[in-house]
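Structural overview for review
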Amino acid sequence: MILFNDGNTYDAVGVYVCNNSNTYHSILNGDSYAKKFAQGDTLVLKIHALDEYYAIDDSKQNVVVYLADCRSSDASAWKINKGWEWIDLSALGNVSGLAFTMASSDVSYGYMNTPAYFCLDKLTVREGAGEVVALSEVSTAALEICMRAGYIEVVNATAPIEIYTISGMHVL
């Protein structure tokens, strides 16, 4: 989740996304948990608008991004994201934050086998009818968030931040 906890709402503009390297290689080659993707397989990222209570706003359309799309019977038409892709978020409208969910065709016992990791950069929003602001240029210009063995390290934070798991659990 990304929360705009300054009391304001923003018009979502867009964000760059790509597969995490672990996810990408798992899709291409399989691993000890997930199978190599074949015809019919997909990995989908859904981006949801959050309302003023930071709950998913079901009245708004989700933005659906196929990070891997092997639905075609023609293997040359398969798409596996391996670089930054600009995603238009304008369909989400005015939001208090964003939530992210993922779904894969490779599941066992109701759980995804494919790694549920993706990368995002340059989340861009507009304040009301004002100018477009890239959050990465304003509040996170030098921000580094690193996963370490047993803890999360945040370096160069210029303002309080919050980190959530993909399932919405507050971590930091």
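Residues numbered from 1 in each chain as written. Predicted model: local features only at pLDDT ≥ 70, side-chain atom pairs only at ≥ 80, totals over all residues. Heavy atoms only, no water.

When you line up the elements, Asp106 lands in the loop between strand S8 (97–104) and strand S9 (107–108). Although Asp106 lies buried, it forms no salt bridge, and the closest oppositely charged side chain, Lys35, sits 5.6 Å away as judged by the N-O distance. Among the polar contacts made by the side chain of Asp106, one reaches the main-chain amide nitrogen of Lys35 at a distance of 2.9 Å. Those residues within four positions of Asp106 in sequence are excluded, and the remaining contacts are Ala34, Lys35, Phe37, Tyr111, Met112, Asn113 and Thr114. (Helix = DSSP H or I, 4+ residues; strand = E, 2+ residues; numbered from the N terminus. Buried < 20%, exposed > 50% of the residue type's maximum accessible area, 1.4 Å probe, protein only. Lys, Arg positive; Asp, Glu negative; His and termini not counted. Salt bridge = Lys/Arg side-chain N within 4 Å of Asp/Glu carboxyl O. Polar contact = N/O pair within 3.5 Å; in protein donor to acceptor, adjacent residues only side chain to side chain. Contact = heavy atoms within 4.5 Å.)

With that out of the way, let us pick up unusual backbone geometry. Non-glycine residue Tyr54 carries a positive phi angle of around 60°. Relative to the assigned elements, Tyr54 resides in the loop between strand S3 (42–50) and strand S4 (63–69). At Tyr109, a residue that is not glycine, the phi angle is positive and equals roughly 55°. With respect to the helices and strands, the residue Tyr109 is situated in the loop between S9 and strand S10 (111–112). Exposure remark for Tyr109: the relative accessible area of 82% places this residue in the exposed category.

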